[in-house]
Each structure stands twice: as C-alpha cells, then as structure tokens.
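Working through the structure, step by step
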Amino acid sequence: MQMGRHFTGYLYCALAMVGVGSTVVASKLIVHGLPPFTATALRFGIALPVFLLAMALTGERWPRVGWREASLLILQSGSGSVGYTVLLLSGMRLASATDAGLIAGTLPAVAALFAIVALRERPGVMTIAAIALATAGVLVCTVGGAGAPPLAGGGQPAAVWLGNLCVLGAVLCEAVFILLNKRLRTPVSPLQMSTLMTGIGLLLSLVPALLERPWAAAFDPTAMLGVVYYALVPTVVGFFLWFAGAARIAGAQASALTALVPISAAGFSAVFLHEHMNLAHWWAFACVLAGVALIAVEGRYRSGQRAPDACVKVDRDIRSEC
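Quick summary incoming for the structure in this document.

Rules used throughout
- Residues numbered from 1 in each chain as written.
- Predicted model: local features only at pLDDT ≥ 70, side-chain atom pairs only at ≥ 80, totals over all residues.
- Heavy atoms only, no water.
- Helix = DSSP H or I, 4+ residues; strand = E, 2+ residues; numbered from the N terminus.
- Expected span 1.5 Å × (residues − 1).
- Buried < 20%, exposed > 50% of the residue type's maximum accessible area, 1.4 Å probe, protein only.
- Patch = residues over 30% accessible without salt bridge, like charges linked within 9 Å, V, L, I, M, F, W, Y side chains within 5 Å.
- Areas by Shrake-Rupley, 256 points an atom, 1.4 Å probe, with all protein chains shown as cover.
- Salt bridge = Lys/Arg side-chain N within 4 Å of Asp/Glu carboxyl O.
- Axes fitted to C-alpha atoms, helices over the stretch in contact; angles between N-to-C directions.
- Parallel < 35°, antiparallel > 145°, perpendicular 65-115°, else oblique.
- Contact = heavy atoms within 4.5 Å.
- Nonpolar A, V, L, I, M, F, W, Y, C, P; charged D, E, K, R; others polar.
- Polar contact = N/O pair within 3.5 Å; in protein donor to acceptor, adjacent residues only side chain to side chain.
- Core = buried A, V, L, I, M, F, W, Y, C linked by side-chain atoms within 4.5 Å.
- Phe/Tyr/Trp six-rings, centres within 6.5 Å; stacked < 30°, edge-to-face > 60°.
- Bend = angle between axes of the 7 residues up to and from the residue.
- Left-handed = near helix turned anticlockwise from the far one by under 90°.

**A word on helix α5 (residues 107-118)**
With 12 residues, α5 extends 16 Å between its outermost C-alpha atoms, agreeing within 8% with the 16 Å of an ideal straight helix rising 1.5 Å per residue. Every buried residue of α5 is listed here: L107, P108, A109, V110, A111, A112 and A115. Count one or two residues on from α5 and you reach R120, which has phi positive near 55°.

Have a look at this one:
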C-alpha cells in the first residue's frame, strides 16, 4: 500500500514537472503574437475561474490574514506570478527554448542560494557544489548555446545574453516567491495560495496589459492557443498534480524530480520547435542535472536528521506557480 502511494506521488510530480518544461515552448509561441503583460493577464484570467470553482467545490474559504501577510502575498504574486511570467516571456523573444529549459532547471540551486543569503541558512558542501554547478551550466549554455544566429563577424550576439538573463531573472523571481512563502505565519492551503496568487497576479498585470494596447494588435490564434495551454495545463493541472504528488513523497524526492524540467523542455523544443542540443548544451545539461541531484541528496540527508513530520519545505514549494 505504501509502495503504491509513493509510486503515485512520483508519477504526479513527474507529470507536473513535464508540464513545467512545456511552458518554455508555449512561451515561445506566445511572445511573437502577444505582449508579455497582456499574455500574463490572459493566463491568470483564464486560470482564476477554475481555481475559484475548485474552492467552491471543495468548500475552501479565504484565509484570514493581517496586513503583514497581505503585503507578503502581494510581493509573492508580484515576483512568482507576474515577474516570473513576464520575464520568461520576454526572455523567450531572444533565447532558445532549449537554453530557457536548462536555466529553469537551476531553480533548486537558486532557491538554496537565496536561503543562504536572505535567511542566513548554513549550506552544506553539496549545496555549495550544486550552486556552483548550476552557475556553470547557465554560463556554458549562454556562451556555447545556439540561442540565436551568430553575428556576421562571428561571436555570440548580445541578444542571447539578454534573453538568457531574462530567463534567469524569472528563476530568481520564483526563488523570491519560495523565500517569501516561508515568511508567512498564517497557514494557507495550496489551493488557497494558488487562487490568491492567480487573483493578485491578474490585478497586478491588468493595468500594464492595458498600456500595451493589445486590441491594436492583430489576432494571433497560435499565441492565444499557447496562453490557454499555459493557463490550464501547467498552471491548473500542474498545480493539482504537484501538490497531490508532493503530499505522498518526501521533499527531497520531489526536488529530484525537478530534473525533468530541462529534460522535457529539450524534448518539446526538439519536437515542436525543431531545436537541437549542441555539445555546449549537453555539458550544461549535465551540470544542471548534477546540481539537482546534489540538492536532492542533501535534502534527503537533512530530512533524515529531523522528525518525520519536519520536512524540507523549500523543495515542496518550488512549483506552486507553474
């Protein structure tokens, strides 16, 4: 019975991470037809009614929070919801989907770095090594990746660097989301959190979206299809799969499954966008996967040092906003 529960947890989390990897391809389809804030507002506008219906069906109520928690929730949504989506979409105008998927796979290491810097947590040797590997992976895929055609005189165009920096900024925003979530004192369920993040994200992105004057642009059915997919599959379905799976397995085990993000992103990019991984991508791929493995091993070791009900929460909260 316990083995079946664990298998179901692995399956749910794995499917959620495959969905996260597919967002880089969806973003690539969106950015050439819709401005970033408009696409972000549409994503939340489509997902919010689904979350509200889920709350009504499950009988969940809005959490009672004070001004401090309300401010943290707004900052969380501004970073993990709006900031993540806008920066990812902006980066996909310039970066390849393969590069973006590899950079997105560094999230566990980036979150660990934020915990060290902002929360003053004491890192283990494997965490430090994982951060170094993640950094190396980003540099390798940026310098040697094939994100854009080379310049006439040779060398890598600045656009690739800018695009990859935007994607890295999106990962940093998601790490801030995780950090702020640990500061909340009022218990908020996963469904309440996702509904709040979606609703606040819609409000924060609505005015910038109107300033982009989306009604003046030509209708792009491919971009709209990408937004609908992003809203319903990685956001709504991915949310339920991730938290249903994370409730069945340890945080370190769930963290290890984030390695599927760059794998699935590379696969979707090859099939749908006809991108190919060169030698630099393979080296970056190895660095990112090794970093994820080290984070997972250290997380499992640390969780074994604590009581069974005291899990490492950073890894569980990684993708409430995918």
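Anyway, onward from the coordinates.
**Section: unusual backbone geometry**
Positive phi outside glycine occurs at R213, with the angle close to 50°. When you line up the elements, R213 lands in the loop between α8 (190-211) and α9 (221-246). Positive phi is not limited to glycine here, since H274 has a value of about 60°. The class for H274 is exposed, based on a relative accessible area of 59%.

**So, a nonpolar patch on the surface**
On the surface, V50, V228, Y229, L232, V233 and V237 cluster together to form a nonpolar patch covering roughly 380 Å² of accessible area. Considering every element that reaches the nonpolar patch, the biggest residue donor is α9, with 5 residues. When you line up the elements, V237 lands in helix α9. For V237, a relative accessible area of 41% gives the class partly exposed.

**Section: the pattern of salt bridges**
In the structure shown here, the tally under the stated rule is 1 salt bridge. Notably, a salt bridge pairs R68 with E69, separated by 3.1 Å at the nearest N-O pair.

**Topic: the packing of helix α4 (residues 97-104) against helix α11 (residues 260-272)**
Contact geometry of α4 with α11 gives a least axis separation of 8 Å together with a crossing angle of 170°. By the criterion of interaxial angle, the relationship of α4 to α11 is roughly antiparallel. Here A97, T98, G101, L102 and A104 of α4 lie close against α11, whose contacting residues are V261, P262, A265 and S269. Residue composition of the contact of α4 with α11, by class: 6 nonpolar, 3 polar and no charged.

**Structural notes on the side chain of T235**
Structurally, the position occupied by T235 is in helix α9. Of the polar contacts made by the side chain of T235, one reaches the side chain of R43; its length is 3.1 Å.

**What about the nonpolar core?**
Core analysis: the biggest nonpolar cluster contains 39 residues, and I30, L73, L88 and M197 have the highest contact counts within it. Ranked by size, the runner-up nonpolar core spans 20 residues in total, among them A47, A54, W242 and A246.

**What about the packing of aromatic side chains?**
As enumerated under the stated definition, the model contains 4 aromatic pairs in all. Taking the centre distance of 4.9 Å and the plane angle of 65° together, the rings of F239 and F240 count as edge-to-face. Relative accessible area serves as the criterion here: at 3%, F239 is assigned to the buried category. Here the aromatic residues F51, F239 and F240 are joined through ring pairs into a cluster of three or more.

**Remarks on α9**
In a regular helix each residue adds 1.5 Å, so 26 residues correspond to 38 Å; α9 covers 35 Å between its end C-alpha atoms and thus fits that length. Residue G238 marks the point of greatest curvature in α9, where the axis turns by about 40°. A distance of 3.0 Å separates the backbone nitrogen of T222 from a side-chain oxygen at the start of α9, and that oxygen is part of D220.

**Considerations on the packing of helix α2 (residues 36-58) against α8**
Following both chains from N to C, one finds α2 and α8 inclined at 150°, their axes separated by 8 Å at the closest point. The angle between α2 and α8 places the two elements in the roughly antiparallel class. In terms of crossing hand, the pair formed by α2 and α8 is left-handed. Grouping the constituent residues of the contact of α2 with α8 by class yields 13 nonpolar, 11 polar and no charged.

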